[in-house]
Amino acid sequence: MNEETRMVFGVDYYPEHWPEDRWSTDVRLMKEAGFNMVRLAEFTWSLLEPEEGCHDFRWLDKIIGMLHENGLGVMLCTPTAAPPEWLMHKHPEIYPTGLDGRVRGFGSRRHYCSNSAVFREYTEKIIQAMATRYRNHPAVMAWQLDNEFGCHDTVRCYCEDCAKGFGKWLEAKYGDIGVLNQQWGTVFWGQQYPSFDRVILPKPTICDAPKYGLFAHNPGLILDFFRFSSDSMVEYSDFQVRILRENGVTLPITHNFMAGFYDIDYFKLAEGLDFVSWDCYPHLTGANLDSYHEIAYQHDKIRGYKNMKFWITEMASGPLGWNIMSRTPNPGQLRLWTYQAVAHGADGILYFRWRPCLFGTEQYWHGVLDHDGIPRRRYQELKQTREELQKLQDVILQTDNDSQACIIHSFDNEWSHGYQPHSPGFSYNNLLFSMHYGLQKAGINCDVRDMQADLSAYRLVVFPAYNISSPEEAQKIREYVENGGTVVFTFRSGGRDSCNKITGETLPGYFRDLLGIDVIDYDALADARVPLDGLLPHSEASFWCDVIDPRASQVLSTYGSEYYAGSPCVTLNPYGKGRAVYIGFQTDPKTYANLFSHLYPDASFLEPCDAIETVRRKKGDESFAFLLNHSNNSLSLQVFCPFTDLATGKTHRKEIDLVPYDARIVRFL
Ligand code: GAL
């Protein structure tokens, strides 16, 4: 691509859904909107190989050729998310098996088990054929693997192949069955296994009572099964990358990740890819203002998986739905969502989908055009957005997100808390989200990373419910704080080892010396709420209260009721040149914001306002920010640090007026 079109703007196109004589109109309209990339082919295996071994690439050649002639690039997808009927008929053993023991059959998509050796053979053949045909095609700019690995609950499979695979995985990990028995504690209820091939898959047991949140499996077995399932999907992804590379593909390879999906360790999946992408549907999360925080959280997580910029492979471009529909985006919202994605690190955006289909499951999932193929307001809005952003692309491409804080996300903790949430209704991810939201409200931008991160890059590192850990991690965190960093830990931290066993040390276990406190009792609140005093009046604890002996730490806040009324609930321990803060309960984003503002006053450069999101960027010594008005209201806000609006060239020293759904990029003076 030439210098002028370096930011990627495109659409997800399904030419196979339309008569060929419409294709030239579509390509012309795409070109007129200024799109420069089109994603193709992720569900077309049945067309590319209508019968076993008979390939037909004519239609794909033709559309790629037309796009190329018109200056549009192509993101080509491997088509494995939709294995064809002839393959499934011949090899029904490829189908995944559900937790209920039932085979999950034909009729939608993703009907394969990633551990099926037969499926791997066929995967190899179809990808080989595509790679050899298109590896040197000048239109092809990038490859996407499959489509949304794990979507529709397809990571954890209970088939024979998985049972065998799990045994082998465990053997490679533990070597000796005695070690596994000891690490899982199978002596409990006399569950010792004689050999790896006799270890069960965690199917429903006698004791399970989902209605009451009761699941009886050994926590060590569960955690390892979730890890094995995730590893299987990651291995399948890496397998696809290998086939593409072995067959001459040198272009960047990505995969479309999903929001709010945690069955695959995305940090591991990202390792095998050149860059990460995700599918972003803001109005699916709800119409309230919280939803923009949720999307911000997802963007930050996606950026963190590889610690680099990313693409949006599917961005909402209209009302959404399969059987019922979402609200339609208001005028200005598609533009705003695009700016928000770019603000958080997206330098490529493809809108889903070009035109809604007239048939099939997704008839109601709208796109840039309407069913009748006519470009209307959404098309015009995206065209204008592309024009604006292209003018500012140097700033966008040359600046990086400027995050002062980092939240540590761990899939081991995700899975451990998921099975045993400690307190009814507790969700590890909601906790992370609330703390991210609180940081945003306090004007502190944030990365979301795992423990591989270089902690010294941040002023503040947050460890929500960081329960599974190790002495090595604790040492890394201590060094960070000794050198001046600030950490914030919460309840349910430091208590479990990597086999999901409770260590038996006084909580917060691995972090007890760093935090300078002892947790001497605790209270799983369920629906109860406990008022807070001290630094956080008018706030409440939810889900959990740790009863804390502060030893030598400073007490920032106390509980306001229960037998532990008046006892500490937020503590701060000066440690080396840094600070170690402990929060013994869960609370709401506003209260987190108050707490973070106490630790870092004056982080905001704009008058705080619920509807406004600010995202900082930097390039060397130069500082920039995105201002995003997520409300349908005009707002006038006080400016604390003067800046120049890059689009208008106007400098704002005291205040700025924002129109509904406004989005600006500014440079600080
Ligand atoms: C995404 C998926 C697309 C399409 C879309 C609308 O999750 O990747 O293929 O199905 O949802 O349902």
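Not measured: the values here are computed from a predicted model.

Moving on, we come to the environment of Leu320. Along the chain, Leu320 turns up in the loop between β8 (310-316) and α11 (333-343). For Leu320, a relative accessible area of 1% gives the class buried. Remark: the alpha-carbon pair of Leu320 and Pro537, spanning 217 residues in sequence, is separated by 42 Å. Excluding residues within four positions of it along the chain, Leu320 makes contact with Tyr281, His283, Leu284, Met325, Ser326, Tyr364 and Trp365.

The subject of this paragraph is the site of the ligand. Around the ligand, the neighbouring residues are Phe43, Arg109, Asn147, Glu148, Asp279, Tyr281, Glu314, Trp322, Phe352, Glu362 and Trp365. The side chain of Arg109 places a nitrogen or oxygen atom 2.9 Å from an oxygen atom of the ligand. Between an oxygen atom of the ligand and a side-chain N or O atom of Glu314, the distance comes to 2.8 Å. In isolation the ligand exposes 300 Å². Once the protein is present, 93% of that is buried.

Put simply, α11 and helix α12 (residues 377-391) touch, their axes get as near as 9 Å, and they point 35 degrees apart. Handedness of the crossing formed by α11 with α12: right-handed. On α12, the residues that touch Gln333, Leu334, Arg335, Thr338, Tyr339 and Val342 of α11 are Arg378, Glu381, Leu382, Gln384, Thr385, Glu388 and Leu389. Considered class by class, the residues forming the contact of α11 with α12 number 5 nonpolar, 4 polar and 4 charged.

We now examine the packing of aromatic side chains. Counted under the stated rule, the structure contains 53 aromatic pairs. Summarising the aromatic geometry, the rings of Tyr112 and Tyr236 are spaced 5.4 Å apart at their centres and angled 50 degrees between planes, so their arrangement reads as tilted. In this pair, Tyr112 is assigned in the loop between α4 (85-90) and α5 (117-134) and Tyr236 in helix α8 (residues 219-246), connecting sequence segments 124 residues apart. Just as Tyr112 is buried, Tyr236 falls in that class too. Each ring, one from Tyr510 and one from Phe511, has its centre 6.3 Å from the other, and the planes form 65 degrees; the classification is edge-to-face. Each member of the pair, Tyr510 together with Phe511, is buried. Here the aromatic residues Phe257, Phe261, Tyr262, Tyr266, Phe267, Tyr305, Phe411 and Trp415 are joined through ring pairs into a cluster of three or more. The residue whose ring lies beneath Lys125 is Tyr122, and the NZ or CZ to ring-centre distance is 4.5 Å. Looking at Arg579, its charged tip hangs above the ring of Tyr600, at a distance of 5.3 Å from the centre.

It is worth spelling out the pattern of salt bridges at this point. Pairing between side chains of opposite charge can happen when their charged atoms approach one another. Scanning the model with the defined rule gives 36 salt bridges in all. Linking Glu20 and Lys62 is a salt bridge whose minimum nitrogen-to-oxygen distance equals 2.6 Å. In this pair, Glu20 is assigned in helix α1 (residues 20-33) and Lys62 in helix α3 (residues 58-69), connecting sequence segments 42 residues apart. The salt bridge involving Arg303 is made with Asp300; its shortest N-O contact spans 2.8 Å. A residue pair is termed a helical-turn pair when its members lie 3 or 4 positions apart in one helix, as Arg303 and Asp300 do in helix α10 (residues 290-306) at 3 residues. Note on Arg303: relative accessible area 7%, which makes it buried. A network of salt bridges, in which partner residues are shared, links Asp12, Arg39, Glu42 and Glu314.

Reading the values: the criteria
- Residues numbered from 1 in each chain as written.
- Predicted model: local features only at pLDDT ≥ 70, side-chain atom pairs only at ≥ 80, totals over all residues.
- Heavy atoms only, no water.
- Helix = DSSP H or I, 4+ residues; strand = E, 2+ residues; numbered from the N terminus.
- Buried < 20%, exposed > 50% of the residue type's maximum accessible area, 1.4 Å probe, protein only.
- Contact = heavy atoms within 4.5 Å.
- Near = heavy atom within 4 Å.
- Polar contact = N/O pair within 3.5 Å; in protein donor to acceptor, adjacent residues only side chain to side chain.
- Areas by Shrake-Rupley, 256 points an atom, 1.4 Å probe, with all protein chains shown as cover.
- Axes fitted to C-alpha atoms, helices over the stretch in contact; angles between N-to-C directions.
- Left-handed = near helix turned anticlockwise from the far one by under 90°.
- Nonpolar A, V, L, I, M, F, W, Y, C, P; charged D, E, K, R; others polar.
- Phe/Tyr/Trp six-rings, centres within 6.5 Å; stacked < 30°, edge-to-face > 60°.
- Lys NZ or Arg CZ within 6 Å of the ring centre and 35° of its normal.
- Salt bridge = Lys/Arg side-chain N within 4 Å of Asp/Glu carboxyl O.

Distances and angles like these do not, on their own, reveal function.
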